[in-house]
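Structural overview
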Amino acid sequence: MVTRHQVLVASNRGPVSHTLGEGGELTVKRGGGGLVSGLSAVKGDAVWVCAALGEGDREAVRRTGGELDPADTGGQQVRMLDIAPDVFADAYNGIANSVLWFVHHMLYQTPTEPVFDADFERQWRSYEAYNAAFADALAQEAAEGAAVLVQDYHLTLVPAMLRERRPDLRIGHFSHTPWAPPDYFRMLPDDPDGGVAAEVLRGILGADRAAFLTQRWANAFTDCCVRLLGAEVAVADGGDEMIVTHEGRRTRIGVHGLGADADFLRERSRRPDVEDRIALLREQIGRGPDGEPRRAIVRVDRTELSKNIVRGLLAYRRLLADRPEWRGRVVHVAFAYPSRQDLAVYREYTDEVARVAAEINAEYGEGDWTPVELHLKDDFARSLAAYRLADVALINPIRDGMNLVAKEIPVLSDGGCALVLSREAGAFAELAEDAITVNPYDIGATADALHRALTMDAGERAERTKRLAAAATALPPTKWFLDQLNALRG
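The rules behind each value
- Residues numbered from 1 in each chain as written.
- Predicted model: local features only at pLDDT ≥ 70, side-chain atom pairs only at ≥ 80, totals over all residues.
- Heavy atoms only, no water.
- Phe/Tyr/Trp six-rings, centres within 6.5 Å; stacked < 30°, edge-to-face > 60°.
- Helix = DSSP H or I, 4+ residues; strand = E, 2+ residues; numbered from the N terminus.
- Buried < 20%, exposed > 50% of the residue type's maximum accessible area, 1.4 Å probe, protein only.
- Lys NZ or Arg CZ within 6 Å of the ring centre and 35° of its normal.
- Axes fitted to C-alpha atoms, helices over the stretch in contact; angles between N-to-C directions.
- Left-handed = near helix turned anticlockwise from the far one by under 90°.
- Contact = heavy atoms within 4.5 Å.
- Nonpolar A, V, L, I, M, F, W, Y, C, P; charged D, E, K, R; others polar.
- Pairing = 2+ DSSP bridges.

Let us look at the packing of aromatic side chains. Under the defined criterion, the tally for this structure stands at 16 aromatic pairs. For the ring pair F88 and Y92, a centre distance of 5.3 Å and an interplane angle of 15° mean the geometry is stacked. Within this pair, F88 and its partner Y92 are both found in helix α3 (residues 85–104), separated by 4 residues, close to a single helical turn. Accessibility expressed as a relative area gives 7% for F88, which makes it buried. Ring-pair connections join several aromatic residues into one group, and the members of that group are F88, Y92, F116, F120, W124, Y127, Y130 and F134. A cation over an aromatic ring shows up here: R340 above the ring of W101, its NZ or CZ 4.2 Å from the ring centre. In this arrangement the basic side chain of R382 is found over the ring face of F335, its NZ or CZ atom lying 5.0 Å from the centre.

We now examine the packing of helix α13 (residues 380–389) against helix α14 (residues 405–412). It is at 7 Å that the axes of α13 and α14 come closest, and there the two elements cross at 65°. With respect to the hand of their crossing, α13 and α14 are arranged in right-handed fashion. On the side of α13, the interface is formed by L384, Y387 and R388, while α14 contributes V405, E408, I409 and L412. Among the residues forming the contact of α13 with α14, the class breakdown is 5 nonpolar, no polar and 2 charged.

Turning our eyes to something else, we now look at the sheet that holds strand β4 (residues 46–51). In spatial order, the strands read β5-β4-β1-β6-β7-β8-β11-β10-β9; together these 9 strands make up an open sheet with mixed pairing. The open sheet has two edge strands with one neighbour each: β5 (77–81) and β9 (232–235). The average undirected angle you get between the axes of adjacent strands in this sheet is 20°. In the sheet, strand β1 (residues 5–10) pairs with strand β6 (residues 142–151) via 5 bridges, with the strands oriented parallel. Paired with V7 across the bridge in β6 is A147. Across the sheet, helix α18 (residues 477–489) lies against β1, β6, β7 (170–175), β8 (209–212) and β11 (249–255), angled at about 135° from β6, the strand it touches most.

Put into C-alpha cells, the structure is as follows:
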C-alpha cells in the first residue's frame, strides 16, 4: 500500500546519489542546497520524488523498489524513478539541457541553431513521457489536498499533467533559471494550438502558483503568456503577486530570491580542510615585487556556457595589458569546474577556458608569478577558501537565474571583497547598489571595473561587503522553501 504524503517535492536530481562499485556495493552520497534544508524543516509527512540519474541510482531503485532507505537519505522520504535510459537521455540532455536551457539563457548561435527537426520531435516525445512519469508518481504519492512543489525547467509539463490526474492538489512550480522574453522564447515551435512553446506555458499554468527568482524573470514569463497564449495578467490584491488567467484558470505568480545559507557557510568555512587550502592558495598567490601579498581576483563557476568565463579571462588579460602596474601584483584565482561533459559544446568550452588561461600565463607570467591560477577539479573546501581570500569577486554571467556565488563570497570574505557583477545575473536585482556593474560582453569596461575594484579604499570595500552580506542572506534556503509552501497553501 502506497503511503500518502501531505507535502511533495519533485525535481530531476534528488537529495542523494548512488555509485555502483565493481563488487556490486552501493555508495550513497548526500547532496545539499535549499531544497534539502527546506524539506527537512517541514513538519509532518513529506516525500521527495526524483529521477535515477545513473547506473548506481538505477541499481538502488531495483533493490528498493524506488522507496529509498531513510537511513541513506538523512531521514527524508525519497521516491526515485527509474525512467528508461533512452527516454531520460532524450528528455534531460536533448530537451532540458540542449533546448530549454539554451532558450532561457539565450545561448543559441542563431545562424545555425536551433534546428527543430525529426530528432527534436522524438526527443520532445521523450520529454513528455519523462514529465508524465513524474506526474503519475506524484498522483500516487499525494494525500487528498496535498501541496506539491515542482522544480525547474526539467518538469515544466508536470503541473498541468498532475492537475488532470489529481485536481484536488495544491500545485506549485518554481523556475531556477531566467525566463526568456517573448521574441526569444517563441523561437521554440510556437503554434498556439499545439506547439512546444505553448505546451511549456500551459504546463506551468497548470499550477496554482508559479514562482521565480526575480521579478524580471516573472515578468518575462507573464509576457510570454500574453503574447503566445492571449492570457490576461492582473495584479493581485495587495500588489505583491500577479495573476495569469487562461482558459478559465487562474495562476498566481510569485517571486522568491533564494539567499545564501550564512550559518552553514560560516561553519563549514572554518573547518581544518578549508584552513589547509587557504594556506595552499596563499602560497600559490604569493607576494609581489614590493613584498606585499598579491591581490586575488576570484571566480568560482561551473564551465557552464552562460557563466562567461572566457570573457572574464579576456578582461583580466586586458587589465594586465592596459595597466602594467598590476603585473606581478595580482593573481586571478579561477575555479572552472567541468559541467555537462557529456555534451560536446561543454567539453569544447572547458577546453577553451584552459587554452585562454594558458595563453595569459605564457604571455605575462614570469618568475614566481603565475597570472592565472586555474583549477578544473571540483573541490568545495578549496572554493570556500578562495571565498575567504578574495579581494575582488568576478561574477560576469551573460545570463543567470540568480548566481549564489555572488551572494556567498561577501558572506565569507575575511577582509572585505569588492564585487564585480554582471547586470544579467539575477542577483543583480538585490546586490546592484553595492556592486560594480558590468556589461558582460564589454571586455574593456570589465577590465576597468576590475581596476576600480582593486583600487577601492579598504574602508569602502568593508562597508560594501557588510551591506552585500546582509542583502545576500535576507532569504536563506529554509525560509525560501517554507515561504513558497506557505504561499501555496494560503
